[in-house]
Structure formats: structure tokens, C-alpha cells
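Breakdown of the fold
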Amino acid sequence: MTAQPRIVEVRERVLKQNDLLARDLRRTFREAHVHVVSMVSSPGSGKTTLLEATLTILGRSRRVAALVGDLATENDALRLRRSGAPVKQITTGTVCHLDASMVSAALTGWDLSRLEFLFIENVGNLVCPSSYDLGEDLRAVLLSATEGEDKPLKYPTIFNTADVAIVTKIDLAEAVEFDRELAHRNIQQVRPGMHVIEVSAKTGFGMDKWISTLTGW
Ligand SMILES: Nc1nc2c(ncn2[C@@H]2O[C@H](COP(=O)(O)OP(=O)(O)O)[C@@H](O)[C@H]2O)c(=O)[nH]1
Ligand SMILES: [Mg+2]
């Protein structure tokens, strides 16, 4: 029974250390004038698909790059590089989230002042990433039409730590009887006033709104 307070103590220390490093990262990003956008969601919600489309569209007029986290494989980095943007994969092994030290290490050798937008795709998970600040300016949480409407109610913390919610795969909404109004209500219940965008990276629906959110943030 004595082990519990010790676990909490170590966890608090790890989070505090992460917060300090994230604060330094945020300062570095500001000084380099690079906008940093992170994406969080459960696995398969469409982060890589949306990010590939984003890098392709925004990359026409802005200097963009991405970091992408997964437990294993370079698969997502290979997909994202099809956009022509510089991309680095971070493989976390058994760790279910990215942290500020992983982001910092992955940026070694990159001249941030040459970038305007840096995107960070987090490991697919609706729990772990919420506690870790990565020094980002904007955190987007994705919720796909195929996941159902109640994810915001079940995982409120991740929605509370995000700045924007993106409802993805909206082209599939009818096929899976996704109740769009209910999803919006659930998001607003957890995070009143949250900016919500519906997109389909497959058809391009809503991409203009997402891109103008990014450039106007
Ligand atoms: N129909 C449809 N499928 C999508 C869309 N976005 C992603 N997908 C599919 O969903 C699956 C998971 O997408 P992925 O981008 O790998 O998700 P991630 O794990 O969050 O990075 C893939 O088979 C994608 O082709 C979309 O907007 N519409
Ligand atoms: Mg992915």
C-alpha cells in the first residue's frame, strides 16, 4: 500500500520535467517564427491521411514539415513524405505518447527558422497524450465519423487539452449512421465554445476551413 504515493510522486516529477522542456521548446519555436500544430486521436481516426493532404495543400505556399510518432514502423513517415515535405518518424517502442524530449531530439539537425509550419502527429491514443505538452501552439483532436458520437464524453481530458476538434471521414457519416448534431453537442458539452471542423481528407470536404484555421490561428 505504500507504493501508491511513490508512483504518484515519480509521475508528477516526469510531468514537471516535461512541462519545463516544453516551455523551452515553445520559446524556441516562437523565436524561429514556426507555427507548431499537433494532432491527437485514437488509432485509425485519419491523422496521417489528413496530415498528408494538409502538407500537400499548405506546402504549395508555405514551408511545412512534420514529425510523426508511432510505437513501431516508419510507415506513416513514408506516407507523409509523398507530399514532398521533410518528415521524421519517432518510434516510441512501448510508450503510448510523444513527450517534449522526443520532439526536441527529433528536431536535431533541422533549421527551424526555415520552416513556417511544423506538424506533430502523436501516437494514436485518447488517454496518454493529453498530459504531455509538446510546446505546440495548436492542438487538434480528431474524432472520426466511424468511431461514434460519444468519444468526447468518454475521453473528456483529451478534448479539454485540445484547441480545435476535427470530425474526420465525414464522407462515411451516412453509411455508419453517424449523428453529426449529437457529436457536436457532445463536444460542446465537454468543451463549451470549442471550434469544430468537419472534414473528409478523401473528398476534400472541409479542407478549406481547416487550412484557413491553420493560417489564421
Ligand atoms: N473514407 C475515408 N477514409 C479515411 C479518411 N481519412 C482516413 N481514412 C482511412 O482510415 C484509415 C486510417 O487512416 P490513418 O490516416 O492511417 O489514421 P491514423 O492512424 O489516425 O493516422 C485508412 O484506411 C484511411 O484510408 C477519410 O476522410 N475518409
Ligand atoms: Mg498515423
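Here, every reference points to the structure presented above.
An account of the accompanying structure is given in this report. (Residues numbered from 1 in each chain as written. Chains lettered and ligands numbered in written order. Predicted model: local features only at pLDDT ≥ 70, side-chain atom pairs only at ≥ 80, totals over all residues. Heavy atoms only, no water.)

Size it by volume and the largest pocket reaches roughly 150 Å³. Looking at the lining of the largest pocket, its residues break down into two nonpolar, six polar and five charged. (1 Å grid on protein atoms, 1.4 Å probe; cavity = no way out; pocket = protein on both sides within 12 Å on 5 of 7 lines; lining within 4 Å. Points joined across faces, edges and corners; volume = space filled by probe spheres on them. Nonpolar A, V, L, I, M, F, W, Y, C, P; charged D, E, K, R; others polar.)

Okay, the state of the cysteines next. Taken as a whole and assessed by the stated rule, the structure comprises one disulfide. Shown here is the disulfide that connects C96 with C128, its sulfur atoms set 2.1 Å apart. The disulfide joining C96 to C128 has a torsion of about -100° about its S-S bond and is therefore left-handed. Here the residue C96 occupies a position in the loop between β3 (87–91) and α4 (100–106), and C128 occupies one in the loop between β4 (117–121) and β5 (138–144), the gap between them amounting to 32 residues. (Disulfide = S-S within 2.5 Å. Helix = DSSP H or I, 4+ residues; strand = E, 2+ residues; numbered from the N terminus.)

Let's shift gears to the nonpolar core. L50, L55, F119, I166, W210 and L214 are the most contacted members of the largest nonpolar core, which has 27 residues in total. Counting residues per element, the ones that place at least two in this core are β1 (35–40), α2 (47–58), β2 (64–70), α3 (75–81), β4, β5, β6 (164–168) and α8 (207–216). The greatest single-element share of this core, amounting to five residues, is contributed by α2. Among residues more than four places away in sequence, those in contact with I166 are L50, A140, V141, L142, L143, I197, V199 and W210. (Core = buried A, V, L, I, M, F, W, Y, C linked by side-chain atoms within 4.5 Å. Buried < 20%, exposed > 50% of the residue type's maximum accessible area, 1.4 Å probe, protein only. Contact = heavy atoms within 4.5 Å.)

Around the magnesium ion (ligand 2), the protein contributes the donor atoms T48 (OG1), D76 (OD) and E121 (OE), which lie 2.1 to 2.2 Å from the metal centre. All donor residues of the magnesium ion (ligand 2) come from one chain, and their arrangement in sequence is T-x27-D-x44-E. On the criterion of sequence distance, the pair formed by T48 in helix α2 and E121 in strand β4 is long-range, its members being 73 residues apart. With relative accessibility at 3%, the residue E121 sits in the buried group. (Donors = N, O, S within 2.8 Å, 3.2 Å for Na, K, Ca; no water.)

Now for the site of ligand 1. Close to ligand 1 lie 16 residues; G44, K47, T48, T49 and D171 are nearest. Residue T48 places a side-chain N or O atom 2.8 Å away from an oxygen atom belonging to ligand 1. E121 has a polar side-chain atom sitting 3.2 Å from an oxygen atom of ligand 1. Protein burial of ligand 1: of its 580 Å² of free accessible surface, 75% is covered by the chains. Broken down by element, the residue count for the shell around ligand 1 peaks at three residues, all from α2. (Near = heavy atom within 4 Å. Polar contact = N/O pair within 3.5 Å; in protein donor to acceptor, adjacent residues only side chain to side chain. Areas by Shrake-Rupley, 256 points an atom, 1.4 Å probe, with all protein chains shown as cover.)

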